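Here's the letter readout for the chains.
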Amino acid sequence: MWIAEQWQDYELLDCGGGEKLERWGEQYLVRPDPQAIWDSPRKNPAWKRANARYLRSQSGGGHWEKKTLPESWKIRYRDLTFQVKPMNFKHTGLFPEQAVNWDFAMEKIRNAGRPIRVLNLFAYTGGATVASVCHVDAAKGMVAWARENARLSGLEDAPIRWIVDDCGKFVEREIRRGKTYDAIIMDPPSYGRGPGGEVWKLEDNLYDFVKLCAGVLSERPLFV
């Protein structure tokens, strides 16, 4: 197991009863987590004074119950800066447990001893987007958010391609063009829709998609 232990601006303070208490910079959030199946005495006072709590609806989805929470704020991880904000379906635009994967990718790329072309698919707000990368996501708003995160991290001049497209169709076109990549990063959702209404279901589409991505790997791939 890899532990995301380099965080300064994020902490998981407590969890239990289907919820988790987190610190995001100076903001304290309570969010549902079905994996926190145990009980917690909830002695941490931040449970009661959290800036916001996400409440699930029995009909699906839910809403944020806010006290004093800014519309958005910035947090840092090592040399990176991210803008986060409360979104529908409990998210903040960043998954802090993925930091170990960012570190893994950066170490591999820096130690490769050669230029590395990276393809980041289902790239969301760009936590794993590094220099010399092609960032692909079906949501225009997420790509714009990722560009802002790159700017905040001082990567506005990095050779990054920002693509709004269905990931499967994009990979198919890259194969036809003869384009290859040395590393592929992907974090596909369980369900999603492309910009043209394309339907993605993890259990139905993942195997064929990974098989497709093998066709865009270079002769000396670094990692997937």
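Residues numbered from 1 in each chain as written. Predicted model: local features only at pLDDT ≥ 70, side-chain atom pairs only at ≥ 80, totals over all residues. Heavy atoms only, no water.

Undergrad: Outline the overall build of the chain, supporting the account with residue identities and numerical values.
TA: Along the chain, the regular secondary structure elements total 5 helices and 13 strands. Computed over the C-alpha atoms, the radius of gyration of the chain is 19 Å, within 12% of the 17 Å expected from 2.2 N^0.38 for a compact globule of 224 residues. Overall, the C-alpha framework of the chain stretches about 55 × 40 × 30 Å when taken along its three principal axes. A buried classification covers 44% of the 224 residues belonging to the chain. For the chain, contacts bridging at least 24 residues in sequence account for 53% of all contacts bridging at least 6. Of the accessible surface of the chain, which amounts to about 12900 Å², a share of 49% is contributed by carbon and sulfur atoms. With 33 positive and 30 negative side-chain charges, the chain shows a spacing of 2 Å between the two charge centroids. (Helix = DSSP H or I, 4+ residues; strand = E, 2+ residues; numbered from the N terminus. Rg over C-alpha atoms; globule rule 2.2 N^0.38 Å. Buried < 20%, exposed > 50% of the residue type's maximum accessible area, 1.4 Å probe, protein only. Contact = heavy atoms within 4.5 Å. Areas by Shrake-Rupley, 256 points an atom, 1.4 Å probe, with all protein chains shown as cover. Lys, Arg positive; Asp, Glu negative; His and termini not counted. Charge placed at Lys NZ, Arg CZ, Asp CG, Glu CD.)

Undergrad: Summarise the pattern of salt bridges; cite the residues concerned and give the values.
TA: For the coordinates displayed, the defined rule picks out 13 salt bridges. Residue Arg23 is joined to Glu11 by a salt bridge in which the shortest nitrogen-to-oxygen separation is 2.7 Å. Residue Arg23 is found in strand β2 (residues 19-24), and its partner Glu11 is found in strand β1 (residues 10-16); the two are separated by 12 residues along the sequence. Glu11 gets classed as partly exposed once you look at its relative accessible area, which sits at 36%. With its nearest N and O atoms 2.7 Å apart, the salt bridge here joins Arg31 to Glu22. One exposure class covers both Arg31 and Glu22, and it is buried. (Salt bridge = Lys/Arg side-chain N within 4 Å of Asp/Glu carboxyl O.)

Undergrad: Outline the pairing of strand β3 (residues 27-32), supporting the account with residue identities and numerical values.
TA: Summarising burial for β3: 5 of the 6 residues are buried, a large majority. The pairing of β2 with β3 spans 6 bridges and is classified as antiparallel. Bridge pairing in β3 places Arg23 opposite Tyr28. Remark: 2 residues form the turn of the hairpin made by β2 and β3, two consecutive strands paired antiparallel; Gly25 in that turn has positive phi of roughly 65 degrees. Where β3 lies against strand β4 (residues 52-56), 2 bridges are found, and the strand directions are parallel. Considered in β4, the bridge of Leu29 is made with Ala52. (Pairing = 2+ DSSP bridges.)

Undergrad: Give me the lowdown on helix α3 (residues 140-152), citing residues and values where you can.
TA: Compared with the 18 Å implied by 1.5 Å per residue over 13 residues, the 19 Å span of α3 between its first and last C-alpha is a close match. The set of residues buried in α3 consists of Met142, Val143, Trp145, Ala146, Asn149, Ala150 and Leu152. Its buried side turned inward, α3 meets β6 (73-77), β7 (80-84), β9 (133-137) and β10 (161-164). With its phi angle positive at about 80 degrees, Gly154 sits one or two positions after the end of α3. (Expected span 1.5 Å × (residues − 1).)

Undergrad: Hey, could you go over unusual backbone geometry for me, with residue numbers and the actual values?
TA: One non-glycine residue, Phe89, adopts positive backbone phi at about 60 degrees. The class of Phe89 is exposed, set by a relative accessible area of 57%. Phi at Lys90 is positive, roughly 75 degrees, even though this residue is not glycine. Looking at the secondary structure, you find Lys90 in the loop between β7 and α2 (99-110).

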